[in-house]
Amino acid sequence: EYYNPLRAGHSIAGARVLVNRNQDRGIGDLLFMTGPLEFFRHVSGGHAKVHFYAQSSRGLVLFNNPAISFQTTLAGPLHYNYQWLVGSVTECVEEPDQLNVYDGLYRQLGFNPGDIDIKFKRPYAYLNQRDEDGLFQFYRKIFDSYKADLRRVPYYVVAPSAAASLRVMPYSNWLKVIEMLAERRPVVVIGQDNVRVPTTDMTFGEFNQKLGQMSGVLNAIGATTVRLLMALVKNARCVFTMDSGTLYIAQAFRTPAISIWGSHDPGVRIGYDPDYMDLAVWPQEMCQQSPCYAYANFPKHKCPRGAQQGICECLLGVDREAVLKKLDQVEKKTGFVLPEFLKK
């Protein structure tokens, strides 16, 4: 009797609304929800009382968001006027005509996605002074360890991994990309070392070890919290990432992000944001079945190598020069200046 699904046409000004995204979803999936949250804030004049329930570790990405009551995630009171319980959208379904994730969310609410302004079809994130202070403490540690002052020298952030193996480019290819990037600017490599990370042509541990032998590379794997990662990305010159949460953090802060795609069409995630679509690298021509929209496991019956497919065929075909061409686009807009310490 207490369940009243939120639907288009409901007045939410002054109403208490519970929003819950399936608990096993990652940071990117939580950020997808922030476009509709901004839409709720807009249509209610800021008077909707939206309580967002999420795991505390991942929910930190929503901290300080003015579209959520108390600007943080919580369980909230027992009774709500409306509930929006999101199990999955389109991203877990292998459909050849898969909807853009935001269109899928709005359709769940009963809206015609075409009626929604595209500014509500992108992620939003917010920092506060504590986050900025944490970033400057991190900069100090980097200076002590590497003698690179990231407060004054623009840097790149590289997020080479993702939750599923079919969404990760070979680490050997990443090492070559990172080497080329480090010839231009300091490169901060981020990632988690306390969870299971996919293996490609080498283990993540081997990849991590090789990073420590590279000049100009600042290895921050395992050294960043969610909030520190957000601040680090916000202040980066450019981000290089797979289809992972780091991409959507960058998009939320409007930091240029060169994203690399394999099994998914980037249009289903960033299709309403031409700036980010223009920087996407997707060698679709490498596989006749692309996009297959496989999410967790390889579709062996579709993959060119069948049961032997260990890395998505499209990701095997990523051209490093194509990545650098995208970077040239970014640097032309921002004004590329080679740091003094790299000229020596």
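The coordinates are above.
This is a predicted model, so every value here is computed, not measured.

Caption draft 1: Just the packing of helix 5 (residues 129–146) against helix 8 (residues 226–234), in detail. Axis separation between helix 5 and helix 8 bottoms out at 9 Å; the angle between their running directions is 80°. With respect to helix 8, the axis of helix 5 lies roughly perpendicular. Two secondary-structure elements touch here, helix 5 through Asp-131, Glu-132, Gly-134, Leu-135, Phe-138 and Tyr-139 and helix 8 through Arg-227, Leu-228, Ala-231, Leu-232 and Lys-234. Across the contact of helix 5 with helix 8, the residue classes tally to six nonpolar, one polar and four charged.

Caption draft 2: Representation of the nonpolar core within the structure. Counting 66 residues, the largest nonpolar core has Val-19, Phe-40, Phe-52, Trp-84, Val-157, Val-188 and Leu-232 as its most contacted members. Excluding anything up to four places from it in sequence, Phe-40 contacts Leu-6, Ile-12, Val-19, Val-50, Trp-84 and Leu-109. By size, the runner-up hydrophobic cluster in this structure holds 45 residues, among which are Ile-221, Val-281, Cys-287 and Val-323.

Caption draft 3: Looking closely at the sheet that holds strand 6 (residues 217–219). What the five strands build is an open sheet, ordered 6-5-4-7-8; its pairing is parallel. Whereas interior strands pair on both sides, the edge strands pair on one side only; in this sheet they are strand 6 and strand 8 (257–260). Between one strand axis and the next, the sheet turns through 20° on average, direction left out of account. In terms of strand pairing, strand 4 (residues 156–159) meets strand 7 (residues 238–242) through four bridges, oriented parallel. Paired with Val-158 across the bridge in strand 7 is Phe-240.

Caption draft 4: Looking closely at the pairing of strand 1 (residues 16–21). The pairing of strand 1 with strand 2 (residues 49–53) spans five bridges and is classified as parallel. Considered in strand 2, the bridge of Asn-20 is made with Tyr-53. Relative to strand 3 (residues 82–86), strand 1 runs parallel, the two being bridged by five bridges. Bridging across to strand 3, Arg-21 finds its partner in Val-86.

Scoring rules and cut-offs
- Residues numbered from 1 in each chain as written.
- Predicted model: local features only at pLDDT ≥ 70, side-chain atom pairs only at ≥ 80, totals over all residues.
- Heavy atoms only, no water.
- Axes fitted to C-alpha atoms, helices over the stretch in contact; angles between N-to-C directions.
- Helix = DSSP H or I, 4+ residues; strand = E, 2+ residues; numbered from the N terminus.
- Parallel < 35°, antiparallel > 145°, perpendicular 65-115°, else oblique.
- Contact = heavy atoms within 4.5 Å.
- Nonpolar A, V, L, I, M, F, W, Y, C, P; charged D, E, K, R; others polar.
- Core = buried A, V, L, I, M, F, W, Y, C linked by side-chain atoms within 4.5 Å.
- Buried < 20%, exposed > 50% of the residue type's maximum accessible area, 1.4 Å probe, protein only.
- Pairing = 2+ DSSP bridges.

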